[in-house]
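# Structural description and commentary
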Amino acid sequence: MRLWQGRSVRTRLTVIASVVMGLMCVAASVAVLFTVRVTAQTYTTHAIVDTAERLGYAAAHERLPPVMLDEAVAGVQVIDPRGRIASTTAGIAGRPRMADFQPDGSGTQARRDECRSPAFPGRCVTVAAFRIPRRDGVWTVYAADYDVPWHVDNRLLTTLVCITSALTALTAFGMYQTVRRALAPVGAITEKLAMISSTDLSRRVPVSKFRDELRRLAEAANQTLARAELAVEQQRRFASDVSHDLRSPLTAMRAEIEGAMLHPDDADWRATGEALLDSLDRLQAMVADLLHLARLDAGATRPTLERIDLAELAARELDRRPRKVEVVREPATGVIVIGDRLSLTRLLGNLLDNGERHAESMLRVAVRVEDPDAVLEVQDDGSGIPPEYREVVFQRFTRLDQARKKDAGGSGLGLSIARQIAQAHNGTLTIEDSEVGARFVLRLPLAPSGQAAAD
């Protein structure tokens, strides 16, 4: 079994096709031999009976010579009423009687298969007996011929063996070449895949011109490579952005400390400490966001699902936060969703943080129902986000130039975390058109009501 499993697909298919063709040819050869043998045996039987009848009629009207010319059968014997051989063919002259059976009753002829005939030692023959009434008694003519062998004839058997061998060999050759050509694209794909490394994912496997399974395999492989290239590129950008964003607070902290240590007597250590704390707060927030993203990516978070009133959740989050700008609330009652309270609070907090950083004077928070979804909107009155950047801002460590100029405190991870939380709740988080500022729209499936929700 291990030897068979170690063979290539091409070899296994060739062997299977050859065995199947060989078995089919053997079955066909057996059928041919059986048909030809039955036909030949029938022909031999008729020849034996006809010979016995013809010589019987001849013996009834004329005297036969003691030794007759060889007939078309293996042997003929004419037995007189005393049981003696009166005439025989030259091929069995001098041999004893080939049989001693007689036609039954009033019949004139009978036939038997004999394998112990004294006239044909070691051979099986078919013997036909023909009874001839004459004036001096009853004479009997025996005609016999050899049974047709199972292979009928050596020439026929040789022909069938040659045909079987030729067809099996042609099948093996044809299958081998067909599978080789069919699997040639697989070899090319394997060769290309072997050349692809983690540092060079731009290569693609060749696509067959035929719209078959191999083409779909190549297209699927290319799509996988494209996704892998995109993921690796995102990982590289992520590592670069992480190193840059982590370096910024560390550099600021180092500059504060080095500046204070150059003139320790003149340094305002309290102001230095407050500056260091600001940098540490930013660094701590960034590390916390990175850890949260890592847990989301790994699926390590175990949400506690419950029925949540989205308007009540938004109200509580707004009530506990210090107000940096005016907040306009547009709540709605009975907007219930199924989700994890901590995760949705984190999502809402990230949207409020983003809105407060970019708002000029006002922030609007609205909750409503749009069947079959619950909708939460957070809109600021800032400069807004151009349509071409509305998907870019959800990428990790993405902060538009205008955002960097206005507030460098953001880590560039809050919106990415918010979208992943929305997707984990089978919802969406997008930026939609608005007359002023940026309008973030969260859509979550409404919770079922009644007993179904309790179940």
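Rules used in this analysis
Residues numbered from 1 in each chain as written. Predicted model: local features only at pLDDT ≥ 70, side-chain atom pairs only at ≥ 80, totals over all residues. Heavy atoms only, no water. UniProt positions renumbered as here; feature names shortened; annotations may be inferred. Helix = DSSP H or I, 4+ residues; strand = E, 2+ residues; numbered from the N terminus. Pairing = 2+ DSSP bridges. Axes fitted to C-alpha atoms, helices over the stretch in contact; angles between N-to-C directions. Contact = heavy atoms within 4.5 Å. Polar contact = N/O pair within 3.5 Å; in protein donor to acceptor, adjacent residues only side chain to side chain. Core = buried A, V, L, I, M, F, W, Y, C linked by side-chain atoms within 4.5 Å. Buried < 20%, exposed > 50% of the residue type's maximum accessible area, 1.4 Å probe, protein only. Salt bridge = Lys/Arg side-chain N within 4 Å of Asp/Glu carboxyl O. Disulfide = S-S within 2.5 Å. Patch = residues over 30% accessible without salt bridge, like charges linked within 9 Å, V, L, I, M, F, W, Y side chains within 5 Å. Areas by Shrake-Rupley, 256 points an atom, 1.4 Å probe, with all protein chains shown as cover.

### Notes on the UniProt feature "transmembrane region" (unreviewed entry) in the protein chain
Sites flagged by UniProt as "transmembrane region" (unreviewed entry) map to residues 12-34. Between the C-alpha atoms that bound residues 12-34 there is a distance of 33 Å. The span itself is 100% helix and 0% strand.

### Quick look at the sheet that holds strand E13 (residues 439-445)
The strand order E8-E10-E11-E13-E12 describes an open sheet built from 5 strands, whose pairing is mixed. Looking at the sheet topology across the chains shown, the edges are occupied by strand E8 (326-330) and strand E12 (428-432). Averaged over all pairs of adjacent strands, the angle between strand axes in this sheet comes to 15°, irrespective of strand direction. As paired elements, strand E10 (residues 362-370) and strand E11 (residues 373-380) share 8 bridges and run antiparallel to each other. Paired with arginine 368 across the two strands is valine 375, which belongs to E11. The strands touched by helix H8 (residues 341-358) within the sheet are E10, E11, E12 and E13, with E11 carrying the most contacts at an inclination of about 25°. Strands in contact with helix H10 (residues 414-424) are E12 and E13; relative to E12, the strand with the most contacts, it is inclined by about 130°.

### Concerning the side chain of threonine 140
Positionally, threonine 140 belongs in strand E6 (residues 137-146). Here the side chain of threonine 140 touches glutamine 102 through a polar contact of 3.1 Å, side chain to side chain. Setting aside residues no more than four positions away along its own chain, threonine 140 makes contact with Gln77, Val78, Ile79, Gln102, Ala129 and Phe130.

### Description of the environment of serine 361
Mapped onto the elements, serine 361 comes out in the loop between H8 and E10. The spatial distance from the C-alpha of serine 361 to the C-alpha of proline 264 is 41 Å, given a sequence separation of 97 residues. Once you skip the residues sitting within four places of it in the chain, serine 361 turns out to touch Val325, Glu326 and Asp381. Within the local environment of serine 361, its side chain forms a polar contact with the side chain of aspartate 381, the two groups lying 2.9 Å apart.

### Considerations on the nonpolar core
Counting residues in each nonpolar core, the largest one holds 42 residues, and the members touching the most others are Leu310, Leu376 and Phe440. Counting only elements with at least two residues in this core, the list comes to helix H6 (269-298), helix H7 (310-320), H8, E10, E11, H10, E12 and E13. In this view, leucine 376 contacts Leu310, Ala314, Leu348, Ala366, Val367, Phe440, Val441 and Leu442; residues no more than four positions away in its chain are not counted. Within the second largest apolar cluster, 17 residues are counted, among which are Ala58, Ala59, Leu64 and Ile132.

### Regarding the pattern of salt bridges
Throughout the structure, instances matching the rule amount to 23 salt bridges. Among the salt bridges present, the one from glutamate 330 reaches arginine 364, with a minimum N-O distance of 3.0 Å. Taken together, the residues span a long stretch of sequence, with glutamate 330 in strand E8 and arginine 364 in strand E10 at a distance of 34 residues. For arginine 364, a relative accessible area of 14% puts it in the buried group. The partner of arginine 368 in a salt bridge is glutamate 377, and the shortest N-O contact between them spans 2.6 Å. Look at arginine 368 and you get partly exposed, because its relative accessible area is 26%. The buried category is assigned to glutamate 377, whose relative accessible area is 3%. Within the structure, one salt-bridge network assembled from shared partners comprises Glu330, Arg364, Arg368, Glu370, Glu377, Glu432, Arg439 and Arg443.

### Points about the sheet that holds E6
Read across the sheet, 6 strands follow the order E1-E3-E2-E6-E5-E4 without closing on themselves; strand pairing throughout is mixed. The open sheet has two free edges, formed respectively by strand E1 (67-68) and strand E4 (109-114), since each of these has just one partner strand. Each of E1, strand E2 (75-79), E4, strand E5 (125-134) and E6 touches helix H2 (residues 9-61); the most contacted strand, E5, lies at about 20° to it.

### As for unusual backbone geometry
Going from aspartate 371 to proline 372, the amide bond is cis rather than trans, its omega being 5°. Looking at the element boundaries, proline 372 is found in the loop between E10 and E11. At valine 152, a residue that is not glycine, the phi angle is positive and equals roughly 65°. Tracing the chain through its elements places valine 152 in the loop between E6 and helix H3 (154-182). Within the chain, asparagine 426 stands out as a residue other than glycine whose phi angle is a positive 60°. Mapped onto the secondary structure, asparagine 426 falls in the loop between H10 and E12.

### Side note on the state of the cysteines
Tallied over the entire structure, the rule returns 1 disulfide. The disulfide partner of cysteine 115 is cysteine 124, and the S-S distance across this bridge is 2.1 Å. Here cysteine 115 and cysteine 124 share a disulfide; its torsion about the S-S bond, 110°, makes the bridge right-handed. In this structure cysteine 115 comes out as partly exposed when scored by relative accessible area, which is 46%. Cysteine cysteine 25 remains unbridged, with the sulfur of cysteine 162 as its closest cysteine sulfur at 12 Å.

### Focus: a nonpolar patch on the surface
A cluster of nonpolar residues, Val9, Leu13, Ile16, Val20, Met24 and Leu183, forms a patch on the protein surface that exposes about 470 Å² of accessible area. Structurally, the position occupied by leucine 13 is in helix H2. A relative accessible area of 37% means that leucine 13 is categorised as partly exposed.

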